[in-house]
Amino acid sequence: MESGRLGKKTIEDGLLLEAETPWVGRYEFLKQSGYLLRPRYRPGWVAPWKAGPGLHRKDFEEGISNSRPSLMDAQRLSDGKTVYLKHTSKDSPEVAIGEFFSSEQLRDDPRNHCLPILEVLKNGDDPEHVILVIPWLRRIDSPEPASVRECVDFIQQTLEGLVFMHEHKVAHRDCAWGNIMMDGRRLYPLGWHPQQWEFYPNGKAMTGSDPSRTAVGGVRYYFIDFGISSKDQDEVLGIHGQEQSPELSDTVPYNPYKLDVYILGMAYQHFLVEAEQRHSGLGFLLPLIEYMTPQKSSERPSAAEALQRWNTISQGLSFFTLSQRLYPVDEEPDSKISRTLKDTTYRIRDFWWTATVSKKPPLPLS
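Note that the structure is a prediction, hence the values are computed from the model and not measured.

Residues and numbers for the overall build of the protein chain, please.
Summing up its helical and strand segments, the protein chain has 10 helices and 12 strands in all. With respect to the three principal axes, the spread of C-alpha positions in the protein chain is 60 × 55 × 40 Å. Within the span of the protein chain, comprising 366 residues, buried residues form 51% of the whole. Sequence-distant contacts, at least 24 apart, represent 71% of the contacts inside the protein chain between residues at least 6 apart. Carbon and sulfur atoms make up 53% of the accessible area of the protein chain, which amounts to about 17,900 Å² in all. Here the protein chain contributes 43 positively and 50 negatively charged side chains, and the mean placements of these two sets differ by 4 Å.

Given below as structure tokens:
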């Protein structure tokens, strides 16, 4: 979360990053609204490692910084839960679309994988902006999926979520894998630091092996960041987004729903097939990815057609395929026997987990 050599020096000196200072000015407003920022952002804060010689920033939770000016974590005073706060324009599509999918008639639909908005805070001192209170989620690559089964669940949920969005005439337009997150609370019951995924909330480093999605009954995935999304528009303009899709243009209108299909297909390519944890056993994904990502948008399926194609593919996967563990491409076991032993051990665990741990409903994001 630190930015460059100057940023590191500033932090070591007990100062805040430029991205952090606006949040100090919002501290009292947020506290009155029911949200408490970490001690680092209290007005008049003094870095504890500057109290005397022999103290080091890395030994204090308050030494963990945040380089994202629009996003901050906080504790909700009513129940002590961690939430994220997003400072954005009051006219951002993220506000209206987020409230739409968080409405009573849509929020409990099991196919709704859109990040809910818990509250919208309006500060009279900043009338052109609002602060969105959103759930505390975790990156989908922390940890990576451990098996084919876990990849299959990821695709199932995200395709269902995209179909749900499109049924309600919303196009995300930036549904790259970096804009998909997961509810990691079952994986990490003790929590994690909202600015440093590999640390506990108290700032201490995590130890031990990565937890298993399958062993905890699965995780739920959510689409985030609807800042360039559109509703009730069959043609749009714009060149922004993480995935540089072929049709993006400021002058030639294009279909935003077919754009979503392409972006999500490329998300599977980048996150699963090209990821460090890839395995040749994921070759069954290639026909789906190719189906979703033709260069010409007119040749792409709708999200519903992509889901139908995926259902056909996934129903043909055997237990042997689903239970295949994924391993880093640079893994170098002592021998073929060693790798076979690791594969077999994982399959036994997968069989035990799937036999004894039923798929659990999602935890409420409230």
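I'd love a proper account of the pairing of strand S3 (residues 82–89), names of residues and values included.
Of all 8 residues that make up S3, 6 are buried, and the element is covered over most of its length. Bridge count between strand S2 (residues 71–76) and S3: 5 bridges; the pairing is antiparallel. Directly across from aspartate 73, in S3, lies its bridge partner tyrosine 84. Bridging between S3 and strand S5 (residues 129–135) involves 7 bridges; their strand directions are antiparallel.

I'd like a rundown of the sheet that holds S2, residues and numbers included.
Pairing is antiparallel in the open sheet, where 5 strands are placed in the order S1-S2-S3-S5-S4. Two strands close off the open sheet at either side, each with one partner strand: strand S1 (35–36) and strand S4 (119–122). As paired strands, S1 and S2 are joined by 2 bridges and run antiparallel to one another. Directly across from leucine 36, in S2, lies its bridge partner glutamine 75.

Let's hear about the sheet that holds strand S8 (residues 180–182): which residues, and what values?
Strand order in the open sheet formed by 3 strands is S6-S8-S9, and the pairing between neighbours is antiparallel. Each edge of the sheet is formed by a strand with only one pairing partner; in this case those strands are strand S6 (138–139) and strand S9 (221–223). Note: S8 against S9, 3 bridges, orientation antiparallel. Pairing of isoleucine 180 across the sheet is with phenylalanine 223, part of S9. In this fold helix H5 (residues 148–167) packs onto S8 and S9, with an angle of close to 35° to the strand it touches most, S9.

Explain the nonpolar core residue by residue, including any values.
Residues Leu159, Leu264 and Trp310 are the most contacted members of the largest nonpolar core, which totals 71 residues. The biggest single contributor to this core is helix H6 (residues 256–273), with 11 residues. Among all residues touching leucine 159, those that are not within four sequence positions of it are Leu264, Tyr268, Leu288, Met292, Ala303, Ala306, Leu307 and Trp310. Counting 19 residues, the second-largest nonpolar core is a separate cluster that includes Leu16, Phe29, Leu30 and Trp49.

Which residues make up the environment of threonine 345, and what values go with them?
In this fold, threonine 345 is placed in helix H10 (residues 336–356). Given a relative accessible area of 32%, threonine 345 falls into the partly exposed group. Taking the C-alpha atoms as reference points, threonine 345 and arginine 325, separated by 20 residues in sequence, lie 9.5 Å from one another.

Run through the packing of H5 against helix H8 (residues 303–315), naming residues and quoting values.
The axes of two packed helices give the description: the angle between them and the distance between them. The N-to-C vectors of H5 and H8 enclose an angle of 155°; their axes lie 9 Å apart at closest approach. Overall, the two elements H5 and H8 adopt an arrangement that is roughly antiparallel. The handedness of the crossing between H5 and H8 comes out as left-handed. Of the residues in H8, those in contact with Val152, Ile155, Gln156, Leu159, Glu160, Leu162, Val163 and His166 of H5 are Ala303, Ala304, Ala306, Leu307, Trp310, Asn311 and Ser314. Of the residues contributing to the contact of H5 with H8, the split by class is 10 nonpolar, 4 polar and 1 charged.

Got a sec to walk through the packing of aromatic side chains? Specific residues and values, please.
Summed over all chains, the structure comprises 14 aromatic pairs. Between tryptophan 49 and phenylalanine 60 the ring centres are 6.4 Å apart and the planes differ by 45°, which places this aromatic pair in the tilted class. Pair noted here: tryptophan 49 is in the loop between S1 and S2 and phenylalanine 60 is in the loop between S1 and S2, with a separation of 11 residues, a long-range link. According to the relative accessible area criterion, tryptophan 49 is buried, its value standing at 5%.

Describe the side chain of serine 142, naming the residues involved and giving the relevant values.
Looking at where serine 142 falls in the secondary structure, it is placed in the loop between S6 and H5. What makes serine 142 buried here is its relative accessible area of 16%. Setting aside anything within four residues of it in sequence, one finds serine 142 in contact with Met182, Tyr188 and Trp197.

Help me get a handle on the pattern of salt bridges, residues and values and all.
If you walk through the whole model with that rule in mind, you get 18 salt bridges. A salt bridge links aspartate 79 to arginine 76; the nearest nitrogen and oxygen atoms lie 2.7 Å apart. Salt-bridge contacts for lysine 359 lead to aspartate 153; the nearest nitrogen and oxygen are separated by 3.0 Å. Residue lysine 359 is found in the segment after H10, and its partner aspartate 153 is found in helix H5; the two are separated by 206 residues along the sequence. A relative accessible area of 51% places lysine 359 in the exposed class. Three or more residues joined by partner-sharing salt bridges are found here, namely Arg38, Glu61 and Asp73.

Conventions used here
Along each chain, the written sequence defines residue order, and numbers are assigned to residues from 1. Local features in this predicted model are restricted to residues whose pLDDT is 70 or higher, and side-chain atom pairs enter the listing and the counts only when it is 80 or higher, whereas totals over whole chains, interfaces and linings include all residues. As a rule here, side-chain values cover all heavy atoms of the structure and leave hydrogens and water aside. What counts as a helix is a DSSP run of H or I of at least four residues, what counts as a strand is a run of E of at least two, and both are numbered from the N terminus. Here the term buried applies to any residue with accessible area under 20% of the maximum for its type, exposed to any over 50%, and partly exposed to those in between, with areas from a 1.4 Å probe on protein chains only. Any two residues whose heavy atoms approach within 4.5 Å at even a single point are treated as in contact. Shrake-Rupley sampling with a 1.4 Å probe provides the accessible areas, and residues are treated as covered by the protein chains on show and by no other component. The charge count includes Lys and Arg as positive and Asp and Glu as negative, but it does not include His or the ends of the chains. To locate a charge, the coordinates of NZ of Lys, CZ of Arg, CG of Asp or CD of Glu are taken. Two strands qualify as a pair provided DSSP detects at least 2 bridges between them. Axes, fitted as lines to C-alpha atoms, cover a helix only where it is in contact. Angles between the N-to-C directions of the axes lie from 0 to 180 degrees. Within this scheme, the nonpolar core is defined by two criteria: the residues are buried Ala, Val, Leu, Ile, Met, Phe, Trp, Tyr or Cys, and they are joined through side-chain atoms within 4.5 Å. Roughly parallel here means an angle under 35 degrees, roughly antiparallel means over 145, roughly perpendicular means 65 to 115, and every remaining angle is called oblique. Left-handed describes a crossing whose near helix is turned anticlockwise from the far helix through less than a right angle; right-handed describes the clockwise counterpart. Basically, the charged four are Asp, Glu, Lys and Arg, the nonpolar ten are Ala, Val, Leu, Ile, Met, Phe, Trp, Tyr, Cys and Pro, and anything else, Gly included, counts as polar. Pairing of aromatic rings covers Phe, Tyr and the six-membered ring of Trp, with a centre-to-centre limit of 6.5 Å; geometry is then stacked below 30 degrees between planes, edge-to-face above 60, and tilted otherwise. By definition, a salt bridge exists where a carboxyl oxygen of Asp or Glu is found within 4 Å of a side-chain nitrogen of Lys or Arg.

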